[in-house]
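Observations on the three-dimensional arrangement
So you can see what is in the structure, the chains are spelled out below.
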Amino acid sequence: MVTSPAERPEARTHYALALVLIVGGLLGLLASFALTMDDINLLKNPETALTCNVNAVVNCGKNIESWQGSVFGFPNPILGLMMFPAPVVVGFALLARARFAGWFWWIFNAGLLFAISFVYWLAFQSIFDIGTLCPWCSLVYLVTIPMFLAVTVRNLRAGLAGRALQKVGDAIAGWVPLIAIAGYVIIFGAAQLHLNILATLF
């Protein structure tokens, strides 16, 4: 029996993808929980000292209190608490050799596309408008980028976007770590150039 392109990655049990999703999802949940608790603490006592406030530039308090911190009318970390369990569940399902239909992978990929777009928007709002680099937010940046890349490449290699893009997925699969590093450089390089983060820490 010939395995269809969409089933090929599941048949090989993609452990690397599963681990990226599990670790990324758990760290994202940790960051979202910490930011939610900081938000609650600020509501209880606006003068409270947050552990993530390292100095005037490296802190999360300004981000939490800004309008960008509640874009949809509620604190952004609540989105993380709702969304980060998904990659954890998918990752453990992959370890259990579960198979998902092509439409599921596209919906999952669309969710991660929203996540990475939101991450870059928030990162540049934080750096260029608020004037901070939020530590817990940075952890979200760090995990969202590789999760998006890993799932996107997986879908391309599965042939879900056609044969031509399947070849592209195969070609860039080994470059995912370097592409992720480039994604980090865009954010943290901008933070260094605009805010001179290292000078504020050392």
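Residues numbered from 1 in each chain as written. Predicted model: local features only at pLDDT ≥ 70, side-chain atom pairs only at ≥ 80, totals over all residues. Heavy atoms only, no water.

What follows covers the overall build of the protein chain. Each helix and strand counted, the protein chain has ten helices and zero strands in total. Along its sequence from the N terminus, the protein chain presents helices and strands in the succession α-α-α-α-α-α-α-α-α-α. Taking the principal axes of its C-alpha atoms as reference, the protein chain extends roughly 65 × 35 × 25 Å. Counting all 202 residues of the protein chain, 43% fall into the buried class. (Helix = DSSP H or I, 4+ residues; strand = E, 2+ residues; numbered from the N terminus. Buried < 20%, exposed > 50% of the residue type's maximum accessible area, 1.4 Å probe, protein only.)

In the UniProt entry, the feature "domain: Vitamin K epoxide reductase" (unreviewed entry) is given for residues 14-155. Its end C-alpha atoms 12 Å apart, residues 14-155 is made of 73% helix and 0% strand. (UniProt positions renumbered as here; feature names shortened; annotations may be inferred.)

Turning our attention to the state of the cysteines. By the definition in use, this model includes two disulfides. One disulfide bridge connects C52 with C60, the sulfur atoms lying 1.6 Å from each other. No difference in accessibility class separates C52 from C60, as the two residues are buried. Between the sulfur atoms of C134 and its disulfide mate C137 the distance is 2.5 Å. The sign of the S-S torsion, about 70 degrees, decides the handedness of the disulfide formed by C134 and C137: right-handed. Each member of the pair C134 and C137 is classed as buried. Indicated for the protein chain is the disulfide connectivity 1-2, 3-4, based on numbering the bonded cysteines in sequence order. (Disulfide = S-S within 2.5 Å.)

The next thing to look at is the environment of F118. Note on placement: F118 falls in helix α6 (residues 102-130). Note: C-alpha distance between F118 and Y141 (23 residues apart in sequence) is 9.8 Å. With residues up to four places along the chain from it excluded, the contact list for F118 reads V71, F72, N76 and L79. (Contact = heavy atoms within 4.5 Å.)

Glancing now at the UniProt feature "transmembrane region" (unreviewed entry) in the protein chain. Here the UniProt-annotated "transmembrane region" (unreviewed entry) positions come out as residues 15-35, 78-96, 103-124, 130-151 and 172-195. Split by type, residues 103-124 is 100% helix and 0% strand. Its first and last C-alpha atoms lie 32 Å apart. Secondary structure over residues 130-151 splits into 82% helix and 0% strand, and the C-alpha atoms at its two ends are 31 Å apart.

This part takes up the environment of V71. Within the secondary structure layout, V71 lies in the loop between α3 (61-65) and α4 (76-83). For V71, a relative accessible area of 33% translates into the label partly exposed. Between the C-alpha atoms of V71 and E47, which are 24 residues apart in sequence, the distance is 23 Å. Here V71 is in contact with N76, F118 and W121, once residues within four sequence places are set aside.

So, about the nonpolar core. Membership of the largest hydrophobic core comes to 44 residues, with the highest contact counts inside it found for L21 and I187. Looking at this core, the elements with two or more residues in it are α2 (15-44), α5 (85-95), α6, α7 (135-157) and α9 (176-195). In terms of residue count, α7 provides more of this core than any other element does, twelve residues in total. The residues contacting I187, other than those within four sequence positions of it, are V119, Y120, A123, I127, Y141 and I145. (Core = buried A, V, L, I, M, F, W, Y, C linked by side-chain atoms within 4.5 Å.)

This part is about the packing of aromatic side chains. Overall, the coordinates contain 15 aromatic pairs when judged by the stated rule. Ring centres of F72 and F118 lie 5.6 Å apart, and the angle between their planes is 50 degrees; this geometry places the pair in the tilted category. You can see F72 sitting in the loop between α3 and α4 and its partner F118 sitting in helix α6, a full 46 residues away along the chain. Owing to a relative accessible area of 43%, F72 belongs among the partly exposed residues under this scheme. For F118, a relative accessible area of 14% corresponds to the buried category. A ring pair is formed by F114 and F118, whose centres lie 5.7 Å apart and whose planes are at 15 degrees; its orientation type is stacked. In this pair, F114 and F118 are both assigned in helix α6, four residues apart and thus about one turn of the helix distant. Here the aromatic residues W67, F72, F74, F114, F118 and W121 are joined through ring pairs into a cluster of three or more. (Phe/Tyr/Trp six-rings, centres within 6.5 Å; stacked < 30°, edge-to-face > 60°.)

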